[in-house]
Each structure stands twice: as structure tokens, then as C-alpha cells.
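Chain residues, written in single-letter form:
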Amino acid sequence: MTVPAPRPGGEQFSHSGAKQYAQIWTSAVAQSGFLPMSSAETEQLLFGHTLDLAQAFLARPFTARPAYHVGRALVDAHLAGSKVIDWSVRALGEQFFAAILPGRRQTRTVRQRISSLQGQLAAGFAQALRDRTFVQQERISRSAWAARDMAEQALRESEARFRAVFAGAATGIGIADINGRIVDVNQHFAEMLGYSIPELRQINVAELFHEDDAAGMWELYTDLVQGRHDTARVEKRYYRKDGSIIWTNVSVSLIRHDDGRPRWTLAMVEDITDRHDLQERLRFQALHDPLTGLPNRTRFFEQLDAVFAAAKPDDRIGVCVLDLDGFKRVNGGLGHDIGDQVLTVVAQRLSDYVAGRGHLVGRVGGDKFVILIERSSGTQEVVAMAQASLGVVAQPIRLDDHQLTVTASIGVVEGPVAETAPVDLIKAADTTLYWAKAEGRGRYTVYDPLRDEREKAKTDLVAALPAALERGEFTVDYQPIVALADGTVQAVEALVRWEHPELGLLGPDRFIGLAEETGLIVRLGRWVLHRACEDASNWRRQFPDRRIVVSVNLAARQAQEPGIAAEVSDALKRAGLPAELLQLELTESAVMTTAGEPLLALHQLAELGVRLAVDDFGTGYSNLAYLRRLPIHSLKLAGPFVEGLRSDEPTSRVDEQIVDALVRLAHALGLSVTAEAVERAEQAERLRALGCDTGQGRYFSEPVNAAGIVAMLATREAGVIGDRLEL
């Protein structure tokens, strides 16, 4: 028989299983001692509590608060023995789930809910016991005070009543004089400590103090017996006669003479050993990963904060943040059960190696671990730990029919404690971990503050790019492209610059790559295209006999835009520039797709009449065969080929032969050749001798703004370097 209950997936819990659980619970309670009601009544009561716990376990949203009320209800029903709460908490974890959901596999969520129910049940039970104890204490205190002022007969009657309460109380009670000598104790107190009552009357209370509590307890006791306080409450340990430890909740009251002088101390002692042990287990669960048993993120940061708080000026600290490489493939390919087993094996290996050397290792994320090296002796020690950890993780893992090998990446940070803070230390370690993964995985990387500054600067530039474009912070300069045969300017290449308000003028090498990564290159490239077409149109109107071609770089992402041909056509129309006066430069990778086929956009652009050039030729595919199928007009040789044409060294002769072969083959395909980065006269001369058509570089002219090009066109000699450049 089942009853509906709200739970994930719409399933129901077993009513018969809950009934059976309540019967077992009743039997366990009966074996623990006195039952204040009949067995049937007890079973009916516990069956109701079982239903409350089941509904709380399955409720959405989940809350463990009903378990707190169940714990209080047990005490209110006088089911308050220590064995009752011990069995109830353990069975809630071991038998409860199997009873209400038979056959269902426990998950991490199930374990977390059960743990929360256990904690709340114990908390409610303990709080109810404490409340009841305080009520008893208040009654006893009132009896003691009343007895002092009563007549002799009334005093004897009160003492008799007090003695009855004293002897029969379920809480340990002890009376001592102001010197600490025990005057009297009840039987429960004696049993709690494992002594007889006569033995305790021969003992001073200080002899029972645990050494870890002794100093503080003696100070508190001294203040009490000297009359500075009337009451004191503390949770402390006592030694039993056999040397074992008992945890207690102690409430001490001072009883004075009629003139106010301290006379006795009355202590009420509650055994909370079971509750303390449960709290310690719950604390362990709160500070440790339930899957691997390693310290969790909370525990790690507790320890990290403690290290910083106790650090001396010269102390150093080291941290290794470790993340498994490609772990999602394990979960996705083999399932989360195998993934959990892999994590457990890795955690055990790291614990055996790292913790065995006195360092803390914890799991702070899904497949992320961290190693804390307190009082590091230097970077070498932390690096050695990282290297060893990589080796430990990389050992083959055998699980059932699977043999797996996983690798990890590690970010390493080490330095003086005084020069950092916990949050900055972890942030630096995480940053370094990302570097390690980006550099190939299966490795460690040591934190480099200079690199971090560069990365942050790049991040700042990325964040500022969109607003910079809106604010008009970009400009375009132009570098002449010169005919090597006669030195005349044939074209200019548009080069974008960023006039950063804080960093000054930035070249394209500082931000073009970032714009490509973020996708802003499409907007930026569109703006450069329109600006270059407008400037070229202005030159054409001012100097109609100078047919200067403007060459604009087209990024791979721009070339892949579906409307790139329409965008170029619009820019030409808006500026009134003939298509043949516009050249678009693309890198080799940009003109080829991943399948090795030419981009459709190239043919669409060629149909507009626009010239197309392959930029930095020789750094990408370096394959001339595909050029036969593409509407390419020109090749631009990469700078390293030109740089080698400087001397008579063997490498220079090799570069010259390569350039000669490329020029001949390009001419055979009907393509012109432009050499980039021409910086010296001998380079220009050797290129001319090899038949290279045009060149550009600092030898001819630095990039200038649009007005500088106008100045060049206005005079035959303006912009000439030596006598090489003519217009």
C-alpha cells in the first residue's frame, strides 16, 4: 500500500515500509529502558513521526525542520534516554531510506537530505533535554533558597523534598564547598563519572577537570566561589574514573550565607557525550566532501585564513590548484558512477601523498583539488609537489572492465604571506591553472605577476574596445606600396590605430587579435573599410590622374560573414569609389575553409571588380595550387622572407631562392607580388632584381594619415626616402 507524497519525479513512498520502520523503532526504544506508555501507543506515536520524516525527506522544496520537531516530541513523550537518540539517528541514516523507498539507489542528494534530517533530529532532542534540565534546575534552586528562610520544621520538610529530588533526578547534581571539596553528589552524577558517592566525597572538583579545560575552568570557578558571579554555564569535559572522557553541559550556582558570603556551589551536570559526538560527525560532514572524504572548500578556506592570521613576517606560503583534464568526457562517456569512482581514486592518491607529507589537500569543486603548503621553503618545494602530484594522478586507474588514464593541469603560486591575501592567492592560482590548460594540459605552470599584468591589460583592452569604437578613438594611417621597377606609388595599405585615452597610440598588434577573439573585428573592420573608401574617394577627386589603390585588410571572421559582398558594395557606393581602386587583403587561412575549399565570398567580391590579395603569404598553407581556383590578383610575401635578404650568409641565399621561386610561380599564375617589411636599400634592390613587382616598408615611408597621403600627392618629391619614391 502506498500513499501519495510530493517528491522529485512524482513517485510515492511505501506506507507499509514506514509502518515496519515504526515497529522496529518501537522495539529499539523498548529495549533502551522504561516506556511511559503501552507498546501499541508508542508504535502509533512513532509511526506518525515516521510519516512526518518521510514527507519532509520527499518534500519540495526540501526542509529538515520537521525532524527538529520530531526530536523535541521524543523528549516531550519521555522517550529521552541516550540510547533512544543514538538508535534514532543511526537508523535514520541506515534503515530509513531503504524502508520508505525500497530498491531505490542512494544519490548524493539523498545522502545530503538524510544528513540534514539527522542533524535536526539530534538538535531538537538536545534542545528539549536542555530546556527540561533548566526547568529542573530552577525548581531545585527555588527549593534551596526557600529552605534557607523557612522555620526549622519547614526546613526539614524542604530538605526532605530536596533530597528526594536530589537523589532521583535524571541529571547529575553535585555540591561542593568554596575550596572545591565535594560535599555530596547524587547517584546519577556518580554513575556518570564511574565513581561511588563516597569516593567522590574525597575528591576536589579540580581533579576532575580535563587538562585542555583546566586553566579556563579554574579561573571561572575562582570567580564563582569568590562571589564575583552567582551562576556560570559551560560545556566541558570531565575525566571518568577509568580515564575516559565524558562531555557535559554544566550549570553552576553559588549558594551564599545569610550575610552574602559564598558558602557552597551547586552544579547540575548533563551528559552530552552522544550529542557532542553527533555534532562532531555533522561538523565533519559540513567541512568534508561527502564523495572523497577530503576537506571541502569551506574547510580549506578556514585553514587558509588561520595560516594568514598566525603568520610571521617572514613566512611563505604555497598553493597548487589542480584540475583534471577533459573530465567531462569521462562522465559523458562512461557515466557519472565511473566518474565518481575516478574522483575517489584520485583523491585517495593525493591524500596518501600530500597529506602524508603534512600538507592539506582538499576537493573544492567537481574535479578540482587544492594543495596548501604552509610555511613553504620556496618555489622549488611547491613545484616539486606539483610535479609529484601530476605523476600520482597520471597512474592508470582500473575500474571493473575499464582502465583509464587521466591527466591534470596545475596552477602553482608561492610567495611571502605578508605580500598577499587569501582571496588574491587563490585568484592567482586559478589564473595560473587556466594558463596551464591553455598551454597544453597535463602540466603545471608557475604564477608570473608580469604575465598576469599583461593578461589583465588585455582584459581591460577587450572591455574598452566597444566603447572606444563608439567614441571614435580609432584612426586609420596609410603606408605607400611602391613599384620596385620605377619607384612610383601604386597603392596604400590602410592600417588602423587606437588612440587610447590612457595608453596613447596603440598599433594593430595590440588589439586586432583581441577584436577577432571577441567578434568585434566585424564592426571594427566595417568601420575601417568605410573610412578607407571615403579617404580614397577624396584622393581621387583631388588628384583624378592618380589612380591610387587603397588596400584594406579583411579578417577571417569578416570574410565568413554572409553579407560581406553586400557590405563592400555598400561602402563603395557610399564613397563613390570605383571597385578596381579597392584591394582586400586576406590571410591564407582566411581564404580557405576548414574543408580546404575556397570561400564563396571571394567569388562574390571578385564579381564586384574588387582586387583580392593574399597577405603574409608563406605563413599559412603555403600552397600555390589552390590559387588557380581562386580569384586572387596579388600575393604579399611575409616579412620573414624579406628580412633574410640582408647579407651574403647561406641562409640569406636560401631565402633569396625561395623568393625567386615564389615570384616566378606567382607570375606564371598571372599574380603580382608585393614584398612587405622592406627596411633597407639592399633589400629593395635584390627584390627588384628578382622580379618582385611592388614593396612596402619603412625604407619607402612610415605609415601616415590621410592628410599625409594628400601631401604626397600634392608634390612629386613629398614622402620620398632617398630618391626611391616618386609620384
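See the structure above.
Attention in this report is confined to the structure presented alongside it. Bear in mind that the values here come from a model prediction, so they are computed numbers and not experimental data.

1. Comments concerning the packing of helix α1 (residues 15–31) against helix α2 (residues 39–58)
The relative placement of two packed helices is expressed as an angle between their axes plus a distance between the axes.
Then comes step 1: Between α1 and α2, the shortest axis-to-axis distance is 8 Å and the interhelical angle comes to 130°. Classified by the interaxial angle, the pair formed by α1 and α2 is oblique. Of the two possible hands of crossing, α1 and α2 adopt the one that is right-handed. Here His15, Ala18, Lys19, Tyr21, Ala22, Gln23, Trp25, Thr26 and Val29 of α1 come into contact with α2, specifically with Ser39, Thr42, Glu43, Gln44, Leu46, Phe47, His49, Thr50, Leu51 and Leu53.

2. Some remarks on the pattern of salt bridges
Close approach of charged atoms allows side chains with opposite charge to pair.
Then comes step 1: This model, assessed by the stated rule, comprises 29 salt bridges.
Then comes step 2: Here Lys241 and Glu199 are joined by a salt bridge, their closest N and O atoms 2.8 Å apart. A residue pair is termed long-range when its members are at least 10 positions apart, and Lys241 in the loop between β5 (231–239) and β6 (245–256) and Glu199 in helix α9 (residues 197–200) qualify at 42 residues.
Then comes step 3: Look at Lys241 and you get partly exposed, because its relative accessible area is 45%.
Then comes step 4: Here Arg680 ties to Glu682 by a salt bridge, and the two come within 2.6 Å at their closest N and O atoms.
Then comes step 5: The partly exposed category is assigned to Glu682, whose relative accessible area is 28%.
Then comes step 6: If you follow the salt bridges from partner to partner, you end up with Glu493, Glu585, Lys636 and Glu676 in one network.

3. Digging into the packing of helix α19 (residues 521–542) against helix α26 (residues 706–714)
Then comes step 1: At a minimum axis separation of 11 Å, α19 and α26 run at an interaxial angle of 25°. With respect to their mutual orientation, α19 and α26 come out roughly parallel. For α19 against α26, the interelement crossing comes out right-handed. Contacts from Asp535, Trp539 and Gln542 of α19 reach α26 at Ala706, Ile709, Val710 and Leu713.

4. Some details on the environment of Ile178
Then comes step 1: For Ile178, the position within the fold is in the loop between β3 (172–177) and β4 (182–185).
Then comes step 2: Once the C-alpha coordinates of Ile178 and Pro262 are considered, the two residues, 84 residues apart in sequence, prove to be 6.9 Å apart.
Then comes step 3: Filtering out sequence-adjacent residues up to four positions away, Ile178 remains in contact with Val225, Pro262 and Arg263.

5. Some details on the pairing of strand β10 (residues 368–374)
Then comes step 1: β10 sits mainly inside the fold: six of its seven residues count as buried.
Then comes step 2: Bridge analysis of strand β8 (residues 316–324) against β10 gives seven bridges, and the strand direction is antiparallel. The residue bridging Leu322 from the neighbouring strand is Phe369, located in β10.
Then comes step 3: Bridge count between strand β9 (residues 360–363) and β10: four bridges; the pairing is antiparallel. Following the sheet pairing, Val361 is matched in β10 by Ile371.
Then comes step 4: A loop of four residues connects β9 with β10, the two strands running antiparallel in sequence.

6. Side note on the sheet that holds β6
Then comes step 1: Sheet architecture is open: five strands sit in the order β4-β3-β7-β6-β5, paired in antiparallel fashion. Every other strand in the sheet has two partners, leaving β4 and β5 as the edge strands with one partner each. Geometrically, the sheet is characterised by an average inter-axis angle of 25° between neighbouring strands, direction not taken into account.
Then comes step 2: Across the face of the sheet, helix α11 (residues 273–287) comes into contact with β5, β6 and β7 (262–271) while running at roughly 125° to β6.

What counts and how
- Residues numbered from 1 in each chain as written.
- Predicted model: local features only at pLDDT ≥ 70, side-chain atom pairs only at ≥ 80, totals over all residues.
- Heavy atoms only, no water.
- Axes fitted to C-alpha atoms, helices over the stretch in contact; angles between N-to-C directions.
- Helix = DSSP H or I, 4+ residues; strand = E, 2+ residues; numbered from the N terminus.
- Parallel < 35°, antiparallel > 145°, perpendicular 65-115°, else oblique.
- Left-handed = near helix turned anticlockwise from the far one by under 90°.
- Contact = heavy atoms within 4.5 Å.
- Salt bridge = Lys/Arg side-chain N within 4 Å of Asp/Glu carboxyl O.
- Buried < 20%, exposed > 50% of the residue type's maximum accessible area, 1.4 Å probe, protein only.
- Pairing = 2+ DSSP bridges.

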